[in-house]
Amino acid sequence: MVKLHSFDTKIHKVDSDNLVYPTRTMKTMADYDNLSIHILFTRKIGTDDVLLKVLFCGMDHTDLHQIKSEIYPPSYPLVPGHEVVGEVVELGTEVKKFKVGDIVGVGCLVGSCGECLYCDSNLENYCNDRLFSYTGINKDGTCTQGGSSSAKVVHQNWWGCKAPAHDLILGRKTITGSFIGSIETREILDFWAEKGLSSMIEVVKMDYANKAFEGMERNDVRYRFVPDVAGSNMK
């Protein structure tokens, strides 16, 4: 087990021209390696981007399989986490959907081509150029980083936001599954928020991440692990 040291969740701008921020992340350097803390940098904040301070990030078997290179060959170093909840701390000049202080969510996709039939049909998860929350390559050549980090930059179209829920009963609608959900997953989240629904989780600190993954591998888990990223300060 790798010993983890201080996890600073403060966000400090280091390049005022490019709006680049250092972020403390938990990453692995190769499959089967333990997660350990490193300093990486966010990509440049564009006009349509949002910078958030990560508050919580769920852990599931997808993260475990990806760390172990069991889904497709990932790029290392790898920063896992695709169930992100954070607080908006900075906005690009063209961002209209959110304001500083909003609490938002980010899923496993953070981009797509925006031009194909799938994207035009709100089925971005089938786009050939879909961009995953981590192990993906941004247009500027930088790697996407998951939610096991103190900060994250995402385009405003890929954040959870309010949208009207559709009636699944009328109109002979059906429910089917896919490897990942489309951007319309936000409608389910809005429905849960409207009805005051919640799920049972186990909140842990970031220094428990390796043990949590070990438990998941043994199927020794009762509830979903959700690391308290912002509240973690390991010594």
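These notes cover the structure that comes with them. Since we're looking at a predicted model, the values are computed, not measured. (Residues numbered from 1 in each chain as written. Predicted model: local features only at pLDDT ≥ 70, side-chain atom pairs only at ≥ 80, totals over all residues. Heavy atoms only, no water.)

### What about the sheet that holds strand 5 (residues 103-106)?
- Taken together, the four strands give an open sheet; going across it, the order is 5-4-3-8, and neighbouring strands pair in antiparallel fashion. Both edges of this open sheet fall to strand 5 and strand 8 (151-155), since each of them pairs with a single strand only. Averaged over all pairs of adjacent strands, the angle between their axes in this sheet comes to 45°, without regard to strand direction.
- In this structure, strand 4 (residues 83-91) lies alongside strand 5, joined through four bridges in antiparallel fashion. Looking at strand 5, one finds that V85 is bridged to G105. (Pairing = 2+ DSSP bridges. Helix = DSSP H or I, 4+ residues; strand = E, 2+ residues; numbered from the N terminus. Axes fitted to C-alpha atoms, helices over the stretch in contact; angles between N-to-C directions.)

### Digging into the nonpolar core
- Ranked by size, the top nonpolar core spans 13 residues in total, and within it V54, V84, V106, V110, V154 and V229 carry the most contacts.
- Counting only elements with at least two residues in this core, the list comes to strand 3 (49-58), strand 6 (109-111) and strand 7 (131-132).
- Ranked by residues supplied to this core, first place goes to strand 3 with three residues.
- Core analysis: the second largest hydrophobic core is formed by 12 residues, I67, V204, A209 and A212 among them. (Core = buried A, V, L, I, M, F, W, Y, C linked by side-chain atoms within 4.5 Å. Buried < 20%, exposed > 50% of the residue type's maximum accessible area, 1.4 Å probe, protein only.)

### Remarks on the pattern of salt bridges
- Scanning the entire structure with this criterion turns up eight salt bridges.
- For E70, the salt bridge goes to K68, with nearest N and O atoms at 3.4 Å.
- Among the residues examined, E70 registers a relative accessible area of 41% and is labelled partly exposed.
- On the basis of relative accessibility, which here comes to 13%, the residue K68 falls in the buried class.
- Across the pair E217 and K68 runs a salt bridge whose closest N-O atoms are separated by 2.5 Å. Of this pair, E217 sits in helix 4 (residues 209-217) while K68 is found in the loop between helix 1 (61-67) and strand 4, placing the two residues 149 residues apart along the sequence.
- Salt bridges sharing common partners tie together D60, E83 and R224. (Salt bridge = Lys/Arg side-chain N within 4 Å of Asp/Glu carboxyl O.)

### What to know about the environment of H61
- By secondary structure assignment, the location of H61 is in helix 1.
- The partly exposed category is assigned to H61, whose relative accessible area is 34%.
- Between the C-alpha atoms of H61 and F213, which are 152 residues apart in sequence, the distance is 8.3 Å.
- Apart from the residues lying within four places of it in its own chain, the contact partners of H61 are M216 and N219. (Contact = heavy atoms within 4.5 Å.)

### Re unusual backbone geometry
- Residues other than glycine seldom take positive phi values, yet T135 does so here, at roughly 70°.
- Within the secondary structure, T135 sits in the loop between strand 7 and strand 8.
- For N219, which is not a glycine, the phi torsion comes out positive at approximately 60°.
- Among the secondary structure elements, N219 is positioned in the loop between helix 4 and strand 10 (224-227).
- When its relative accessible area of 63% is taken as the criterion, N219 is described as exposed.

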